Amino acid sequence: MKLLRSELASEFNNKFFDMSARELPERGLVFTDDHISCELSVTSVQFGFQISGEIKATTKYECVRCLCACPLNLTLPFKMWLTHREKISDKEQDLVYFPDKQDHIEMNEPIADMISLAEPLNPICNENCKGLCPQCGTNLNQTPCDCKTYENDSPWDALKKLKPE
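Residues numbered from 1 in each chain as written. Predicted model: local features only at pLDDT ≥ 70, side-chain atom pairs only at ≥ 80, totals over all residues. Heavy atoms only, no water.

Remarks on the environment of L121
Reasoning step 1: Tracing the backbone through its elements, the reader meets L121 in the loop between α2 (108-117) and α3 (157-160).
Reasoning step 2: What makes L121 exposed here is its relative accessible area of 81%.
Reasoning step 3: C-alpha separation for the pair L121 and V64, spaced 57 residues apart in sequence, amounts to 9.4 Å. (Helix = DSSP H or I, 4+ residues; strand = E, 2+ residues; numbered from the N terminus. Buried < 20%, exposed > 50% of the residue type's maximum accessible area, 1.4 Å probe, protein only.)

So, the environment of Q46
Reasoning step 1: Counting through the fold element by element, Q46 comes out in the loop between β3 (35-45) and β4 (48-62).
Reasoning step 2: A relative accessible area of 78% means that Q46 is categorised as exposed.
Reasoning step 3: Once the C-alpha coordinates of Q46 and P120 are considered, the two residues, 74 residues apart in sequence, prove to be 36 Å apart.

Topic: the packing of aromatic side chains
Reasoning step 1: Taken as a whole, this structure holds one aromatic pair when the rule is applied.
Reasoning step 2: The positively charged end of K15 is found above the aromatic ring belonging to F12, 5.3 Å away from the centroid. (Phe/Tyr/Trp six-rings, centres within 6.5 Å; stacked < 30°, edge-to-face > 60°. Lys NZ or Arg CZ within 6 Å of the ring centre and 35° of its normal.)

Observations concerning the sheet that holds strand β5 (residues 69-83)
Reasoning step 1: One open sheet holds the five strands; their spatial order is β2-β3-β4-β5-β6, and the pairing between them is mixed. Two strands close off the open sheet at either side, each with one partner strand: β2 (15-20) and β6 (95-97). If you compare each strand with its neighbour and ignore which way they point, the axes differ by 35° on average.
Reasoning step 2: Pairing of β5 with β6, which is carried by three bridges, proceeds in the parallel orientation. (Pairing = 2+ DSSP bridges. Axes fitted to C-alpha atoms, helices over the stretch in contact; angles between N-to-C directions.)

Observations regarding the pairing of β3
Reasoning step 1: Bridge analysis of β2 against β3 gives six bridges, and the strand direction is antiparallel. Note on β3: the bridge partner recorded for S20 is H35.
Reasoning step 2: In this structure, β3 lies alongside β4, joined through nine bridges in antiparallel fashion. In the sheet register, V42 faces β4, and the bridge partner there is I51.
Reasoning step 3: Hairpin connection of β3 to β4: two residues between the antiparallel strands.

Some remarks on the nonpolar core
Reasoning step 1: Membership of the largest hydrophobic core comes to 34 residues, with the highest contact counts inside it found for L8, I36, I51, M107, I111 and I115.
Reasoning step 2: For this core, the secondary-structure elements that each account for two or more residues are β2, β3, β4, β5 and α2.
Reasoning step 3: Per-element tally for this core: the top contributor is β5, with six residues.
Reasoning step 4: In this structure M107 touches M1, L3, I51, F78 and M80, once residues within four positions along its chain are discounted. (Core = buried A, V, L, I, M, F, W, Y, C linked by side-chain atoms within 4.5 Å. Contact = heavy atoms within 4.5 Å.)

The values reported here are purely geometric and, on their own, carry no functional implication.
What follows is the structure, encoded as C-alpha cells:
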C-alpha cells in the first residue's frame, strides 16, 4: 500500500484502505482471508507527518494445547511519524525518515511488523481447551480416551529424592 505525499499533505481523516495479505512481506503469518483493512488519519507536524489509526486482519494460529487451527481477529492501533530530518537520534526510534524529494511511502513493512508483533506467545483455541492426551495423542476436546494416567508417575519424582545438604 502506497501513501502519496500529496495525500499526506491533505491531512485526511479516518480514510479506509483495503489491501491484500499477499502484498505484505513474508513474516510466517497465516491469514484466514486475504483481506486487511486500515483506517488511517494523517496530521502535519513540525518535522513531517503523523499517521495514526487502526489495522484489522484475521490471522490463524495453531493452538499450543490441541494443535487445532484457531482464528484471531486483530484490531491493532497504528501510529507512525514521518520526518524529513536526516539525522534521527536513538531516542527517536519511532520516526521514519521520509525525505522531501520522495513522492510516496510504502506501508507494507510497518503493517506487516504490527501484525507480526501482535502474535500471541502461546495461542490457545479457548480457555477450556483440554489439549492432547500425553499417552495416545487424542484431542481431548473432541473425544475422551481410555488411557490411564497415574498422578504419582511424574518426571519430577526423581527430584523429590534429592535431599539438600
